[in-house]
Amino acid sequence: MSRIAYVNGRYVPHGAAQVHVEDRGYQFADGVYEVCEVRNGHLIDMRLHLDRLDRSLAALRIPSPMSRAALERVLKETARRNRVRNGLVYLQITRGVAPRDQVFPPAGTPPGIVVTARALNSAARQKAAAEGIRVISLPDNRWERVDIKTVGLLPNVLAKQAAREAGAQEAWLVDANGFVTEGASSNAWIVTLAGTLVTRPAEHGILRGITRTVVMEEAAALGLALEERAFTLREAHEAAEAFITAATALVMPVVQLDGRPIGQGAPGPVACQLRQQFHDFAEICP
Ligand code: PMP
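The text that follows walks through the structure, step by step, so that each part is easy to find. The numbering scheme is per chain: residues are counted from 1 as the chain's sequence reads. Only residues with pLDDT of 70 or above have their local features reported here, since the model is predicted, and side-chain atom pairs are shown and tallied only from 80 upward, although totals for entire chains, interfaces and linings are computed over all residues. Only heavy atoms go into the side-chain values, all of them from the structure, while hydrogens and water stay out.

Focus on the site of the ligand
Rules: Whether a residue is near a molecule or strand is decided by its heavy atoms; if any one of them lies within 4 Å of it, the residue is near. Between N or O atoms, a polar contact is any pair within 3.5 Å; within protein, one atom must be a potential hydrogen donor and the other a potential acceptor, and residues adjacent in sequence are included only when both atoms are from side chains. All accessible-area figures derive from a Shrake-Rupley calculation using a 1.4 Å probe, and residue coverage is judged against the displayed protein chains alone. Put simply, DSSP H or I for four residues or longer makes a helix, DSSP E for two residues or longer makes a strand, and each gets a number counted from the N terminus.
Close to the ligand lie 18 residues; Lys149, Glu182, Ile210, Thr211 and Ala247 are nearest. In this structure, arginine 52 approaches the ligand through a side-chain N or O atom, which is 2.9 Å from an oxygen atom. The contact in question runs from an oxygen atom of the ligand to an N or O atom on the side chain of threonine 211, over 2.6 Å. Summarising the interface, the protein chains cover 93% of the accessible area of the ligand, which totals 390 Å² for the free molecule. The set of elements that each furnish at least two residues to the shell around the ligand consists of helix 2 (46–60), strand 9 (180–183), helix 6 (210–221) and strand 13 (241–246).

Observations regarding the pattern of salt bridges
Filter applied, for reference: Any Lys or Arg side-chain nitrogen located within 4 Å of an Asp or Glu carboxyl oxygen qualifies as a salt bridge. Whether a residue is buried, partly exposed or exposed follows from its accessible area with a 1.4 Å probe, protein chains only, as a fraction of its type maximum: under 20%, in between, or over 50%, in that order.
In this structure the tally under the stated criterion is 19 salt bridges. The salt bridge partner of glutamate 283 is arginine 47, with a shortest N-O separation of 3.0 Å. With glutamate 283 in the segment after helix 8 (269–281) and arginine 47 in helix 2, this pair connects stretches of sequence that are 236 residues apart. Judged by its relative accessible area of 34%, glutamate 283 falls in the partly exposed class. Linking aspartate 51 and arginine 68 is a salt bridge whose minimum nitrogen-to-oxygen distance equals 2.6 Å.

Observations concerning the pairing of strand 14 (residues 250–257)
For clarity, the threshold we go by: Think of it this way: DSSP has to see at least two bridges between two strands before they count as a pair.
By the criterion of burial, strand 14 is predominantly enclosed, with seven of the eight residues buried. Of the pairings in the sheet, the one linking strand 13 to strand 14 comprises five bridges and is antiparallel in character. What sits directly across from threonine 245, in strand 14, is valine 251. Here strand 13 folds back onto strand 14 in antiparallel fashion, the turn holding three residues. As paired strands, strand 14 and strand 15 (residues 260–261) are joined by two bridges and run antiparallel to one another. What sits directly across from leucine 257, in strand 15, is arginine 260.

Description of the nonpolar core
To keep things clear, this is the line we draw: Nonpolar core, defined: a set of buried Ala, Val, Leu, Ile, Met, Phe, Trp, Tyr and Cys residues in which side-chain atoms within 4.5 Å join the residues together. Residue contacts follow a heavy-atom distance rule, with two residues in contact if any of their heavy atoms lie within 4.5 Å.
By size, the foremost hydrophobic cluster in this structure holds 26 residues, and its most contacted members are Leu43, Leu53, Leu75, Val89, Leu91, Ile93 and Ile113. Excluding residues within four positions of it along the chain, leucine 91 makes contact with Val32, Tyr33, Glu34, Leu50, Leu53, Leu71, Leu75, Ile113, Val114 and Val115.

Quick notes on the environment of asparagine 86
Relative to the helices and strands, asparagine 86 resides in the loop between helix 3 (68–81) and strand 5 (87–94). Asparagine 86 sits in the partly exposed class, given a relative accessible area of 24%. Each C-alpha atom, one on asparagine 86 and one on asparagine 40, is 5.7 Å from the other, the two residues being 46 residues apart in sequence. In contact with asparagine 86, not counting residues within four places along its chain, are Val38, Arg39, Asn40, Ala119, Leu120 and Ser122. Within the structure, asparagine 86 has its side chain in polar contact with the backbone nitrogen of asparagine 40 (distance 3.0 Å).

Here it is, written out as structure tokens:
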């Protein structure tokens, strides 16, 4: 089946989808993005993702290319045209096309927008969750505004590749004080031996993950203790469990950190429960 992309107002064959060479996303990573899970054909937590998109755009003073309602229609339509039942939609908005110059282009320059969608292999995702993933730690060398979801992801790309080359699936980034910030593409959590969930506060050191927000609500509803505070690698090594959260990974157990098993070296009961019941707490878009 042929894939379709939405590019600046038109649905086009994915293979022929193009943006201009002077799109500022391409030249300067001057743009923002969102990734939304599609489950059983429905977009998950779209409202929260679009709220965060608004915050990212406002932080960078990029105007929204269209109304919220229009954006929702494009996201759903792109998922529909690609017949995605289970997978993701990707949305990217840049400061548009202009002669290459770092200063902002003239007001009125239309922002660029691209939306794509693709299916994910549900069986492979389930298998990964049943086995748990391996994580390595690396220094966090990103800029200070990682709370903005920009397409400037080079440090994340390098960290993820280092993880891959080390036989791991994610990299946990560690700040100058020895505290874990987050994963290259996920938020980081541990469960202490006393059963308390710990995850870093959503200040400027991390992206405020939508999955993280929903899991916090879920944890409260399930009566689990939660501390929003930074934790060290040592605490992670001594934890009962660890896991990551992200829109496409959902709640993914971490079973190894820097080559050493966490807890029993298998997915823990808290992570498994949070994963299993996640969609009871997420907003399913009609
Ligand atoms: N942190 C980073 C750096 C990420 O790239 C992501 C995934 N986009 C997350 C956290 C998780 O965010 P969300 O739960 O909204 O997918």
